[in-house]
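In case you want the letters, here they are:
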Amino acid sequence: MRAPLLSLLALLTLVGCSDTLSNGPGVDAPVDRGPKAIPLDGDPNGMFWDTENETLYIADDQNHRILKYRDGEGVSLAVALPDAPPNSTNLGEVVRMPDGTLVTVRFGFGTAGAVLFARPDGTTGTVPGLPTNRRRIGLTVTEDGRLYNSYFVRNSNVNVGSIALLNLDGTEQEVVGALEKPVGVLAVGDSLYIADQIAGKVYRSPLARPAELTTIATLTEPDLLSLGPGGALLTGTRQGTVVSINPSTGAQRVIASGFQNVRGIAYDAVNRRLFLADHDGDESNGTTHFLQIVPVD
């Protein structure tokens, strides 16, 4: 199943597009637990499951926009983001703030890095005054509404990575340094968890003392992080697997496999299902990116 049929499927999937944010589906919408692969007209990266509104938000790494998935409705446009520079439409993680504002980060390839937002009233914008050489990927929101993001800069072909406390007023304060390529960052309770893709490490960082890192797991090229069943950490791999990590012991196990490159992951605890950003890394035979829905029993 390739180009002509996939284009038709993607067109049929992206129905009812809207640039405004709204509540989730009605109580009678059927829940699709999968397994199911939904072809996307776009390249999924970061994902955020909004439990309250029963909506999955997907950062489109290809078209500088945020998509949404709802049971009974499929995939549609949540918001088109502003100020996409030429050849730099790539987005990382996406989160929803307590007030309903969606926030995402733009990678920017060292020249156009940014943080973007979409408010519940449909207003969109770019956070002012932030350095554009920072290649931003990860993003997380704490229980009390603080934002942290991951980024790295490239100096003489060497990565220097950091985690920062981010404010939408235009400040970005480094709290963890000396990383290589921090991709995933996830706030859980009183801790941050950080996935460094080049170092092949997942770290724990206490929010009260972020610079005090503890290695909890070593694995090949971890990606974005999500909270999963039983409080486990989840990360995808370029080998097409989803790895579950026990945050206390560091024990790892593969809980899903057989995909292309797994980037962002979101977990719907109520319906016990995973949403996966399944990226096609081989464009030689046509490009097919999927939203995967996987049941967890």
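Residues numbered from 1 in each chain as written. Predicted model: local features only at pLDDT ≥ 70, side-chain atom pairs only at ≥ 80, totals over all residues. Heavy atoms only, no water.

The next thing to look at is the side chain of Lys-181. Tracing the sequence through the fold places Lys-181 in the loop between strand 13 (171–179) and strand 14 (182–188). Each residue touching Lys-181, except ones within four places of it in the same chain, is listed here: Ile-137, Phe-152, Asn-159, Ala-195, Asp-196, Gln-197, Ile-198 and Arg-238. (Helix = DSSP H or I, 4+ residues; strand = E, 2+ residues; numbered from the N terminus. Contact = heavy atoms within 4.5 Å.)

What the rule picks out here adds up to 4 aromatic pairs. Taking the centre distance of 5.9 Å and the plane angle of 55 degrees together, the rings of Tyr-69 and Phe-275 count as tilted. With Tyr-69 in strand 4 (residues 65–70) and Phe-275 in strand 23 (residues 273–279), this residue pair connects regions lying 206 residues apart in the sequence. Using a relative accessible area of 0% as the deciding quantity, one classes Phe-275 as buried. Here Arg-119 stacks its cationic end above the ring of Phe-117, 4.5 Å away from the centre of that ring. (Phe/Tyr/Trp six-rings, centres within 6.5 Å; stacked < 30°, edge-to-face > 60°. Buried < 20%, exposed > 50% of the residue type's maximum accessible area, 1.4 Å probe, protein only. Lys NZ or Arg CZ within 6 Å of the ring centre and 35° of its normal.)

This part is about unusual backbone geometry. Backbone phi values are negative for most residues with the exception of glycine, while trans is the configuration of most peptide bonds. Cis peptide bonds are those with omega within 30 degrees of zero, and the linkage from Gly-34 to Pro-35 qualifies with 5 degrees. The phi angle at Asp-83 is positive, at roughly 60 degrees, despite the residue not being glycine. Residue position: Asp-83 is located in the loop between strand 5 (74–80) and strand 6 (91–96). Since its relative accessible area comes to 55%, Asp-83 is described here as exposed. A positive phi angle, near 60 degrees, is found at Ala-178, a position not held by glycine.

Moving on: the side chain of Ser-150. Looking at the element boundaries, Ser-150 is found in strand 11 (residues 147–155). A residue is classified by how much of its surface remains accessible, and Ser-150, at 0% relative accessible area, is buried. Of the polar contacts made by the side chain of Ser-150, one reaches the backbone oxygen of Pro-182; its length is 3.2 Å. Apart from the residues within four sequence positions on either side, Ser-150 is in contact with Arg-135, Arg-136, Ile-137, Gly-138, Ser-162, Ile-163, Pro-182, Val-183 and Val-185. (Polar contact = N/O pair within 3.5 Å; in protein donor to acceptor, adjacent residues only side chain to side chain.)

The analysis is restricted to geometry; functional conclusions fall outside its scope.
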